[in-house]
Amino acid sequence: MPQTDDTTPLAAQLAEDTRRRVSLQGLLFPRPETTRILTVANQKGGVGKTTTTVNLAAALAQGGLNVLVIDSDPQGNASTALGIDHRAGVPSIYEVLVEEQPLSSAIQACPDFENLLVVPATIDLSGAEIELVSLVSRETRLRRAVDDYVIERTRAGLPPLDFILVDCPPSLGLLTLNAFVTGREVLIPIQCEYYALEGLSQLLKTIEMIQSHLNRELHVSSILLTMYDQRTNLAHQVAQEVRQHFPDQTFETSIPRSVRVSEAPSYGQTVVTYDPSSTGALAYRQAAYELALRSTK
């Protein structure tokens, strides 16, 4: 492994990228004993929730794991980034939540990874918040559908899912509530900006409330620092503060600002396939490996 040259930020980054490329090449990730269900959430917009969801999912799939992504955001950006058809009328998470269709009826395979499955979100989902209000068991509909699908796979003799990642909208409405009740773990992306921790206390209070009343298994297992610019003191300060408050949950790997990460969705891809050797792709692959290694407790 080459030694890190930290004489300049660019040299340090190039050396880090080289180390990651060598260590991750052909690496198979360890499988969890049981399916890990993670809700990727932060009610603050623009922190990289969807970007984190799709790139971690792609990296986990590249590492040989069986992954399912559930797009619960009406914008459907996760579906776009994974190359999934999500035009109006396509079977989606809307039919699962509102019409109680089985999850399997809405699943599509990602064109880049046969072991990466996706439940897309269509424009129909934009009205689901209102429609769910009057429905019975409105908070547990997604969880029941996911649990039934896991059993269905077992009965069909299909390999078990290793990870299920649920992408949430930037709000704390019924769609996000369903995602929290479904997940056993919460992964929170935090942007390395001045307002990074704003609203986090409210999110943690919401998670505690859901723990008490709807899902005792739910806990914050992972915090990922995104849009990290190592050239600025602000990014270092935010990272230090987050690690100080959440030492066990915060990933060692942070995701740098990257043009390639931003470009990839416009080609219907994640950065992991769009530019595998880029700094952003290597960082997400390293974070995914760290996630696979982490205990669920």
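Quick note: structure is the one above.
Remember, it's a predicted structure, so these values are computed and weren't measured experimentally.

Trainee: Would you take a moment to explain the overall build of the chain for this structure?
Mentor: Regarding its fold elements, the chain presents twelve helices and seven strands. In terms of C-alpha radius of gyration, the chain reaches 18 Å, essentially the compact-globule figure of 19 Å for 297 residues. With 297 residues in all, the chain has 51% of them scored as buried. Residue pairs at least 24 apart in sequence account for 77% of intrachain contacts in the chain once pairs closer than 6 positions are excluded. Separation between the mean location of the 24 positive side-chain charges and that of the 34 negative ones in the chain comes to 3 Å.

Trainee: I'm lost on the pattern of salt bridges in this one. Help?
Mentor: Where side chains of opposite charge bring their charged atoms close, a pairing between them can arise. The final tally for this structure, using the stated rule, is 13 salt bridges. Where Glu-185 meets Arg-36, a salt bridge forms, and the shortest distance between an N and an O atom there is 2.9 Å. Here Glu-185 is found in strand S6 (residues 185-191), whereas its partner Arg-36 is found in strand S1 (residues 36-40), with 149 residues between them in sequence. Just as Glu-185 is buried, Arg-36 falls in that class too. One network of salt bridges, with partners in common, ties together Arg-143, Asp-147, Arg-184 and Glu-217.

Trainee: I would appreciate a short explanation of the layout of surface pockets in the present structure.
Mentor: To locate leftover empty space, one rolls a probe as large as a water molecule over the atoms. Counted as a void, the second largest pocket has a volume near 510 Å³. Lining the second largest pocket we find 25 residues, and of these Val-47, Gly-48, Lys-49, Thr-51 and Met-227 sit closest to its centre. Counting residues per element, the ones that place at least two in the lining of the second largest pocket are helix H2 (49-62), helix H3 (77-81) and helix H10 (259-263). Sorting elements by how many residues they give to the lining of the second largest pocket places H2 first, with four residues. By residue class, the composition of the lining of the second largest pocket is eleven nonpolar, eleven polar and three charged.

Trainee: Sorry if this is basic, but what is going on with the nonpolar core here?
Mentor: The nonpolar side chains of a soluble globular protein tend to be buried, and buried together. Residues Leu-68, Ile-70, Ile-93 and Leu-103 are the most contacted members of the largest nonpolar core, which totals 50 residues. Sort the elements by how many residues they give to this core and helix H7 (residues 174-182) lands first, with six residues. Among the nonpolar cores identified, the runner-up in size contains 38 residues, and Val-54, Ala-58, Leu-82 and Phe-113 belong to it.

Trainee: What exactly am I supposed to notice about the pairing of S6 here?
Mentor: Residues in a regular strand point their side chains to alternate faces of the sheet. Across the seven residues that make up S6, a large majority, seven, are buried. Residues Glu-185, Leu-187, Pro-189 and Gln-191 of S6 are buried on one face, and the alternating residues Val-186, Ile-188 and Ile-190, pointing to the opposite face, are buried as well. Across three bridges, the pairing between S1 and S6 is parallel. Across the sheet, the residue bridging to Thr-39 is Val-186, located in S6. Relative to strand S7 (residues 219-226), S6 runs parallel, the two sharing seven bridges. Of the residues in S7, the one forming a bridge with Glu-185 is His-219. In this view, the connection linking S6 to its parallel neighbour S7 by way of helix H8 (residues 200-213) has right-handed handedness.

Trainee: What should I look at first to understand the packing of aromatic side chains in this one?
Mentor: Where two aromatic rings form a pair, the distance of their centres and the angle of their planes describe that pair. Inspection of every chain in the model, using the stated rule, returns two aromatic pairs. Here Phe-29 and Tyr-289 contribute two aromatic rings whose centre-to-centre distance is 5.2 Å and whose plane-to-plane angle is 50°, an arrangement assigned as tilted. Here Phe-29 is found in the loop between helix H1 (9-24) and S1, whereas its partner Tyr-289 is found in helix H12 (residues 279-293), with 260 residues between them in sequence. Consider the rings of Tyr-267 and Tyr-274, whose centres lie 5.0 Å apart with planes at 20°: the pair is stacked. Here Tyr-267 falls in the exposed class, since its relative accessible area comes to 53%. The residue whose ring lies beneath Arg-294 is Phe-251, and the NZ or CZ to ring-centre distance is 4.5 Å.

Trainee: Explanation requested: the sheet that holds S1 in the structure shown.
Mentor: The strands that make up a sheet are held in pairs by hydrogen bonds between backbone atoms, and each pair lies either parallel or antiparallel. Taking strand neighbours across the sheet as the criterion, the seven strands line up as S3-S4-S2-S5-S1-S6-S7 in an open arrangement whose pairing is mixed. In the strand order of this sheet, the two ends are held by strand S3 (108-109) and S7, each with one partner. Where H8 meets the sheet, its contacts fall on S6 and S7, and the angle it forms with S6 comes to roughly 175°. Set on the sheet, helix H9 (residues 233-245) makes contact with S6 and S7; between it and S7 the angle comes to about 170°.

Trainee: Mind showing me how you'd approach the environment of Asp-124 here?
Mentor: Positionally, Asp-124 belongs in the loop between strand S4 (116-119) and helix H5 (128-133). Since its relative accessible area comes to 29%, Asp-124 is described here as partly exposed. C-alpha separation for the pair Asp-124 and Asp-85, spaced 39 residues apart in sequence, amounts to 14 Å. Residues contacting Asp-124, with those up to four places away along its chain left out, are Gly-89, Tyr-94 and Glu-95.

Procedures and definitions
Residues numbered from 1 in each chain as written. Predicted model: local features only at pLDDT ≥ 70, side-chain atom pairs only at ≥ 80, totals over all residues. Heavy atoms only, no water. Helix = DSSP H or I, 4+ residues; strand = E, 2+ residues; numbered from the N terminus. Rg over C-alpha atoms; globule rule 2.2 N^0.38 Å. Buried < 20%, exposed > 50% of the residue type's maximum accessible area, 1.4 Å probe, protein only. Contact = heavy atoms within 4.5 Å. Lys, Arg positive; Asp, Glu negative; His and termini not counted. Charge placed at Lys NZ, Arg CZ, Asp CG, Glu CD. Salt bridge = Lys/Arg side-chain N within 4 Å of Asp/Glu carboxyl O. 1 Å grid on protein atoms, 1.4 Å probe; cavity = no way out; pocket = protein on both sides within 12 Å on 5 of 7 lines; lining within 4 Å. Points joined across faces, edges and corners; volume = space filled by probe spheres on them. Nonpolar A, V, L, I, M, F, W, Y, C, P; charged D, E, K, R; others polar. Core = buried A, V, L, I, M, F, W, Y, C linked by side-chain atoms within 4.5 Å. Pairing = 2+ DSSP bridges. Right-handed = clockwise from strand over helix to strand, strands pointing away. Phe/Tyr/Trp six-rings, centres within 6.5 Å; stacked < 30°, edge-to-face > 60°. Lys NZ or Arg CZ within 6 Å of the ring centre and 35° of its normal. Axes fitted to C-alpha atoms, helices over the stretch in contact; angles between N-to-C directions.

Taken by themselves, the reported measurements are silent on function.
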